[in-house]
Each structure stands twice: as C-alpha cells, then as structure tokens.
Amino acid sequence: MIIKKRIFLCFMTGLFAILLPECGKGDPLDPKNPVIITFWHTYWEQMKDSIDELIDEFNSTIGSEKGIVVQTTYVAVAPMLNEKILAAARGDPGSPELPDIAVVYPSIATTLAEKELLLDFTTQLSQKELSAYVPEFLEEGKLGGNALYILPAAKSTEVLYVNMIIFDRFAADTGVSLSQIATVEGLLDAAEKYYRWSGGKAFYYIEDLFHFAMIGFEQLGDVFVTEHRLNLSSPVFQKIWDAYYPLAVKGGGIIFDGYGNYLAKSGDIVCTTGTSAGVTFYPDSVTYADNTKEDAKFAVLPYPVFAGGEKIAVQRGGGFCAFKSNAKKEYAIGVFLKWMNEPAQNLRFTTRNAYMPVTEAAYGDFMTQEISNIKSDIMREMFGTVVAMRKSYKFHVPPVFEGFEEMQKEYKSSMQRAAELSMNEYKRMLGAQNPAAYKNISSGVFEKFLSEH
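Residues numbered from 1 in each chain as written. Predicted model: local features only at pLDDT ≥ 70, side-chain atom pairs only at ≥ 80, totals over all residues. Heavy atoms only, no water.

## Concerning the overall build of the chain
Consideration 1: Helix and strand counts for the chain stand at 19 helices and 15 strands.
Consideration 2: Overall size of the chain, expressed as C-alpha extent along the three principal axes, is 110 × 50 × 45 Å.
Consideration 3: Across the 453 residues in the chain, those meeting the buried criterion constitute 49%.
Consideration 4: Sequence-distant contacts, at least 24 apart, represent 74% of the contacts inside the chain between residues at least 6 apart.
Consideration 5: With the model as given, the accessible surface of the chain reaches about 21,900 Å², and the carbon-plus-sulfur share is 54%.
Consideration 6: Distance between charge centroids for the chain: 4 Å, based on 43 positive and 55 negative side chains. (Helix = DSSP H or I, 4+ residues; strand = E, 2+ residues; numbered from the N terminus. Buried < 20%, exposed > 50% of the residue type's maximum accessible area, 1.4 Å probe, protein only. Contact = heavy atoms within 4.5 Å. Areas by Shrake-Rupley, 256 points an atom, 1.4 Å probe, with all protein chains shown as cover. Lys, Arg positive; Asp, Glu negative; His and termini not counted. Charge placed at Lys NZ, Arg CZ, Asp CG, Glu CD.)

Quick look at the structure:
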C-alpha cells in the first residue's frame, strides 16, 4: 500500500513537472524585463486626459505587476494619423516605425489588413471574452471576414436632437407632438406645418444624407449599397428621395454642409439627426439673426424610423488595431486592451466623452451609476436614449471597401446639388406668384438624377 502511494506521488510530481512549464508558456511576461507598447490615437482635449489617466493607472497596477509599459507616442486628428500610419506601412522615406497599437477606422484598417500587418484579436481573446461585446460592434472589426482586426473602444450612433424651447411654442399652436416626429413621415409633416407657422423657417436638418439613405433602406428591408454600387433602382430610393428633396426645396429642411449644432446655435433649425457623440457641442442658448437671445433646452430622441420599418440605426466610431509583432508583445497588447475594455474602465472613458460603451455588461448597473454622475442635462438625455436604443434597435454595420468614402461624399454632394438648383428656381417662381412652382421645377429631376448615377 505504501509502495502504491509512493508510485502515485511520483506520478503526480512528474505530471506537475510536465504541466507547470506549459502553464508558464501562457504568460511570457517578466516584470523585471517590461515590454514597451507604443500607442497612437486620435483622442484630443478631455478625451486625451481620460485616456492618459487610464494608461497611467494600467502602468502603475497591472502593467507594473506583469511587466508592461504603455506609452502614447503620437496624438493627431484622424486624417493626420491615418496619413502617418499609411506612410509607415508603405515604408516611405522618413516615416516613423509603426506603433504597436493605433486607433483606426475600418477604411484604413482594411488597407492595413490587406498588407497583412494587423494582429487578429481572436488569437488573444477567447470566445467567452469576445461574447461579452455588443455583437454589431464586434462585427464591424471583422471587415467582412472571420478575423477580428479592430477591437471596439468607443462607439456612437445617430439620434434626433430637438430644441424644446422652440418646439413647445410650435406644438402649443399646432398640436404636433414629440411622438409624431418619431417617424420620418411625421417629421416631414411637422416640417411643413412649422414652415407655415414660422413664416418660412426650416424645421429639420439631416446631418448625414448618406446614412439617412443607407439606414432608410435597412429599415425598409432593402440594401442601399450592393456590389460596390448604389441601389438607386430600388423602389425604396423613391421614398428616400421624397423624404429629402421636397423638404429641402420647399424650405422645411435646410441644405448645409456641416454639423447640426451650428444651425442650432442660431435657431435656423428646430431639430436635426446627427451623431450621439456630438451632444457636447449643442448650445445652452440660441442667438437669432436679429441678435436676440434665449435659452435652449434639447431633448434627445431615438433615430427616426420610416413608417412600417424596422428600428435600425447606424453605428459609428473607430477602435483599437494592433500591429503584428513577437508573441510576447502581442500577449502584452491583449492584456492591456482587455483591461481597457472591462466595463469599469470602458465606461469611465466613454461616458465622460459622450460615447457608447462596447460590452453588454457595461449597459447594466455600471452605466446607470455613471449616468447618475453626469451633470449635463443633455448628456444624461443622450445616454438615456442610446441605452433605450440598445434594447430596441439594431445597429447597422456599414460596408467597407476601397472607394466607399468617396461614394458617400459624391452621393451627398449630388443630392444637395439637385435640391439646391431646384430650390433656387422654386424661390424665383414663387416670387413671380406661380402657383404651380414646385410641380414645374420638380418634374423630371428624380429621373435625371437616376440617369446620371
């Protein structure tokens, strides 16, 4: 019996001797020999303070224990950072070495992935860890394939901002309600009534015309971009056209190339669909053309839905890309980014900077607590709305391919150009007291647009 016990103990000792080195291979880090991770990002001002604070905390805790030091070595606006990354990827003369981690948008990540420069995060995160993320946010980082090249960091969607000071006066006289403008059709009806009520002022501004079309198609069960082309022959596009062109031509909407918050400051619009991350730029007062001024209070409502359509909104925002390196550094990158995206850390970064967190757990009690600490009324409004949208909306993943950004710009400029030409002619005809002005100027414009595109 004693001999059997000794044999068993010898067997277990030998087994542990075999297994322990294998366990050691799972964590190649050495606190005495720290790994340096370089980081490029696009976060400015308050966002930079937030990310710096988190990096310092990581370096002094987990990083110190394991042997990881994260250093921010370049901060710039997205176009400049993109240019620098692509120059480094090409090996242009005088370009710096690529960082270990960068904040990148899908269009740039696609180019880097094609050059086989990016780390596939599925090598560093388990299926269980990946399942903690909001699925649509994770899907975007796959760039249409199976590998995960972008780990979400902070996301935004689009919402409807409404200046309630102006809207309440209008609603009291006309009976238009907030519930009515939950649909695109309700918004268009309200815009016509507001134009008459206000003596010719615009009601609604669509900040991103391409997203308006793309999401409208999705809501109505079709796809706007197919095989790298716009699906303008679809009957749905007629609905998109009818929701923008008459609005812009007749004056209920506004043709503008910029963010809705600029128009909100002057009271040139009552409501706008725009990015949720732009909430901090909405004013607390309005200064009108005659230099009079009044307070502004904004409601933030879910993204409007076409009548009978599915509740769908766009998702926006970049994420973390990591560049291929040695196994030790890639492991260290995984440790750092997993820590950054834990609900407590991710919420500290996102809620301070008007972004949506990226994991399912972050939308529970963690977020409720964070929202309660926000002092800004409009920020609390926005987060309350995006939390509600997370429960009832789907977040659409835009396509990614070479030329997609140019396609978006061309579509927007073409739509605005068509509407502006008609609007100028419409105003001229109205001045001449022509009762059939809109019918005359709009005839054939839609067909001409289709033939040119």
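This is not the end of the story, as more comes after the structure.
## Topic: the sheet that holds strand β2 (residues 68-75)
Consideration 1: As summarised here, the arrangement of the five strands in space is β2-β1-β3-β14-β4, forming an open sheet in which the pairing is mixed. Either end of the sheet is taken by a strand with one partner, and the two such strands are β2 and β4 (151-152).
Consideration 2: Here strand β3 (residues 101-104) runs beside strand β14 (residues 319-322); their pairing, made up of four bridges, is antiparallel. Note that in β14 the partner of Ile101 across the bridge is Ala322. (Pairing = 2+ DSSP bridges.)

## Some details on a negative patch on the surface
Consideration 1: On the surface, Glu114, Glu402, Glu405 and Glu406 cluster together to form a negatively charged patch.
Consideration 2: Residue position: Glu405 is located in helix α17 (residues 404-431). (Patch = residues over 30% accessible without salt bridge, like charges linked within 9 Å, V, L, I, M, F, W, Y side chains within 5 Å. Salt bridge = Lys/Arg side-chain N within 4 Å of Asp/Glu carboxyl O.)

## Some thoughts on helix α13 (residues 327-340)
Consideration 1: With 14 residues, α13 extends 20 Å from end C-alpha to end C-alpha; this agrees with the ideal 20 Å at 1.5 Å per step.
Consideration 2: Counting buried residues in α13 gives 10 out of 14 residues, a clear majority hidden from the surface.
Consideration 3: Inspection of α13 places Lys329, Glu330, Ala332, Ile333, Gly334, Val335, Phe336, Leu337, Trp339 and Met340 among the buried residues, and these make up the whole buried set.
Consideration 4: You can read the cap of α13 off the contacts: a side-chain oxygen lies 3.2 Å from the backbone nitrogen of Lys328, and it is on Asn326. (Expected span 1.5 Å × (residues − 1). Polar contact = N/O pair within 3.5 Å; in protein donor to acceptor, adjacent residues only side chain to side chain.)

## Some points on the packing of aromatic side chains
Consideration 1: One pass over the full model with this rule turns up 31 aromatic pairs.
Consideration 2: On the basis of an interplanar angle of 65° and a centroid distance of 4.9 Å, the ring pair of Tyr43 and Phe349 is categorised as edge-to-face. Remark: Phe349 occurs in helix α14 (residues 343-352) and Tyr43 occurs in the loop between β1 (35-41) and α2 (45-60); sequence separation between them is 306 residues.
Consideration 3: With a relative accessible area of 4%, Phe349 lands in the buried category.
Consideration 4: Ring geometry for Tyr161 against Tyr282: centres 4.0 Å apart, planes inclined by 20°, an arrangement best described as stacked. Of this pair, Tyr161 sits in strand β5 (residues 158-163) while Tyr282 sits in the loop between β9 (271-275) and β10 (285-287), and the two are 121 residues apart along the sequence.
Consideration 5: In this structure Tyr161 comes out as buried when scored by relative accessible area, which is 0%.
Consideration 6: Across the ring face of Trp40, the terminal group of Lys84 is positioned such that the distance to the ring centre comes to 5.7 Å. (Phe/Tyr/Trp six-rings, centres within 6.5 Å; stacked < 30°, edge-to-face > 60°. Lys NZ or Arg CZ within 6 Å of the ring centre and 35° of its normal.)

## Quick word on unusual backbone geometry
Consideration 1: Despite not being glycine, Glu116 has its phi angle at roughly 60°, a positive value.
Consideration 2: Relative to the helices and strands, Glu116 is located in the loop between α5 (106-114) and α6 (127-130).
Consideration 3: By relative accessible area, Glu116 is classed as exposed at 60%.
Consideration 4: Phi angles above zero are rare outside glycine, and Leu143 is one such case at about 55°.
Consideration 5: Relative to the helices and strands, Leu143 resides in the loop between α7 (135-140) and β4.

## Considering the side chain of Ser442
Consideration 1: You can see Ser442 is positioned in helix α18 (residues 437-442).
Consideration 2: With relative accessibility at 19%, the residue Ser442 sits in the buried group.
Consideration 3: Polar contacts involving the side chain of Ser442 include one to the main-chain carbonyl oxygen of Tyr438, which spans 2.7 Å.

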